[in-house]
Amino acid sequence: MRRLGLWTSCLAQLLVVLDVSVVNVALPSIQAELGIGRITASWVAMAYSLGFAGVLLVGARLADVVGTARLLSWGAGAFALAGTIGGLATDGWVLVAARAAQGLAAAVVSPATFTLLTITHAEGPRRTRAIALWTAVGVAGGGVGNIASGVLTELISWRLTLLINLPIGAGVAVAAAVLHRWKVDDRRGGRISVTGAVLAAGAFTGAAYALSAAGDPAAGVLPVVAGGSALVLWVLLAVQQRRTPHKLVPGALLRDRTIAAGNVATALTAACFQVGLWYFLTYRMQNQLGYTAIQAGLAFLPLTTVMVVVNLVVTPRLMKRHAPGGLVAAGVTFAVPGLIWFAVLDHGPFAVAVLVPSIMIGIGGGLLSTPLATIVTTGVRTGHTGAASGLMNTSKQFGGAIGLAAASTVTATTGTDAAAFVVMAAALVTVSAVVAGIPRRRSPSAPVSASERST
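Read on for an overview of the structure. (Residues numbered from 1 in each chain as written. Predicted model: local features only at pLDDT ≥ 70, side-chain atom pairs only at ≥ 80, totals over all residues. Heavy atoms only, no water.)

This part is about the side chain of Arg-284. Here Arg-284 is to be found in helix H14 (residues 276–288). A distance of 3.1 Å separates the side chain of Arg-284 from the backbone oxygen of Phe-342, its partner in a polar contact. Only 3.3 Å separates the side chain of Arg-284 from the backbone oxygen of Leu-345, close enough to count as a polar contact. The residues contacting Arg-284, other than those within four sequence positions of it, are Leu-289, Phe-342, Leu-345, Asp-346, Asp-417, Ala-418 and Phe-421. (Helix = DSSP H or I, 4+ residues; strand = E, 2+ residues; numbered from the N terminus. Polar contact = N/O pair within 3.5 Å; in protein donor to acceptor, adjacent residues only side chain to side chain. Contact = heavy atoms within 4.5 Å.)

Following this line, the structure appears as structure tokens:
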């Protein structure tokens with residue numbers, strides 16, 4: 001059961017992360033074949049991110065209410081179906097709608113993958129190794145998505161970038177259904193406030209759009225309107241959540257200093273690793289270094305490989321002897337010089353312009369990712385695991401969006417992408433400072449008492 005839970009979680013994580021980047025290189029081909037404009041083509045990528053970020057907290061809380069394995073099975077099935085519709089689409093807006101549906105399904109699948117790990121692996125070395133593998137799959141998924149997008153589009157068809165979701169999603173759905181039959185679900189009952197869910201979805205979707213479109217001149221005043229609307233909805237959500245007994249994020253999580261600080265650090269880390277690094281390196285390699293789409297995708301292999309190997313082999317062993325905060329600081333120490341290297345040097349042969357800084361960043365990212373995930377989930381009560389996972393994933397999504405928006409704004413202002421790498425380096429330095437202030441105590445997991453289930 002534990003092994004099936006681990007591989008189901010990792011395969012589902014690959015499914016979700018892969019689709020963040022898998023259509024990127026394919027967009028020009030999609031635009032040409034479907035006869036759509038550049039703005040519509042950009043929505044093929046954006047619709048997924050908006051749907052994903054908008055309902056993450058709601059999807060995570062659902063796992064605690066209806067059961068993780070059951071929800072994962074439903075979500076993976078919906079994801080596969082939406083991907084198939086998108087892959088067969090002959091109209092641009094059908095494709096955009098399918099991508100939005102994928103994003104909504106991903107918001108259910110993503111937190112459930114991590115929650116499944118926590119309920120099938122007790123705290124300790126086994127959970128650490130499981131988290132390391134889950135994190136490594138997430139890292140590899142981003143690189144694999146870029147490579148697969150270029151290879152499939154150039155050699156076969158862009159449609160396969162979406163149709164590959166069908167076998168993967170079907171496999172996850174069946175495996176999760178088996179786990180549900182084996183009663184691994186941590187269902188705690190209760191319900192979710194419909195009002196809170198609607199307010200949260202509107203607030204987070206509006207904020208995600210405002211951040212994503214902030215640097216797009218064609219968007220006009222829409223990002224400002226969306227951001228203002230999101231702020232109003234957030235205020236309404238805060239008031240509503242104080243009054244309802246059916247909270248999206250249990251009060252115990254919000255009051256925990258370790259979880260709060262850990263999520264801040266997670267958001268800052270995502271500002272570098274979630275989107276920004278891949279985005280700016282892709283443009284650096286194709287526009288300044290003259291790489292083709294496939295060459296640029298393959299150039300990410302050293303960064304991806306090093307990060308995965310360090311995550312899987314080195315970090316779990318170090319965590320047996322060192323506190324998570326120390327490993328995060330070590331990771332920052334490796335990654336920041338690599339980012340500064342990219343900021344200072346934007347030309348030269350592959351070994352100098354890409355390989356060396358990629359290895360440094362890969363080592364750093366591999367050292368800090370698993371300890372951060374451990375910090376924000378260790379000691380969480382059983383009935384709050386879904387909400388804790390959703391909070392962590394929400395931090396990642398919005399940290400990535402904020403980081404990309406900030407780096408893009410600075411780049412547009414200065415006229416050079418070097419500033420983007422400096423912004424990412426500054427975010428990681430702040431991560432080290434935040435983690436240094438996190439209390440080292442953590443209590444073992446405990447069941448949720450009847451009085452706590454409504455908080």
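Within the structure shown, the criterion is met by two salt bridges. Glu-33 is paired through a salt bridge with Arg-159; the nearest N and O atoms lie 3.0 Å apart. Taken together, the residues span a long stretch of sequence, with Glu-33 in helix H2 (residues 27–34) and Arg-159 in the loop between helix H7 (125–155) and helix H8 (160–163) at a distance of 126 residues. Residue classification places Glu-33 among the partly exposed residues on the basis of a relative accessible area of 46%. Between Arg-284 and Asp-417 there is a salt bridge, with its nearest N and O atoms 3.0 Å apart. Here the residue Arg-284 occupies a position in helix H14, and Asp-417 occupies one in the loop between helix H19 (385–414) and helix H20 (418–436), the gap between them amounting to 133 residues. (Salt bridge = Lys/Arg side-chain N within 4 Å of Asp/Glu carboxyl O. Buried < 20%, exposed > 50% of the residue type's maximum accessible area, 1.4 Å probe, protein only.)

Turning our attention to helix H13 (residues 257–273). For H13, with 17 residues, the first-to-last C-alpha span of 24 Å sits near the 24 Å given by 1.5 Å per residue. With twelve of 17 residues buried, H13 is to be regarded as a mostly interior element. (Expected span 1.5 Å × (residues − 1).)

Below, the discussion takes up the packing of H14 against H20. Where H14 meets H20, the axes come as close as 11 Å, and the angle between the chain directions of the two elements is 160 degrees. The pairing of H14 with H20 is recorded here as roughly antiparallel in orientation. Crossing angle aside, the handedness with which H14 passes H20 is left-handed. Together, Gly-276, Leu-277, Phe-280, Leu-281 and Arg-284 of H14 and Ala-418, Ala-420, Phe-421 and Met-424 of H20 make up the contact between the two elements. Of the residues in the contact of H14 with H20, the class split is seven nonpolar, one polar and one charged. (Axes fitted to C-alpha atoms, helices over the stretch in contact; angles between N-to-C directions. Parallel < 35°, antiparallel > 145°, perpendicular 65-115°, else oblique. Left-handed = near helix turned anticlockwise from the far one by under 90°. Nonpolar A, V, L, I, M, F, W, Y, C, P; charged D, E, K, R; others polar.)

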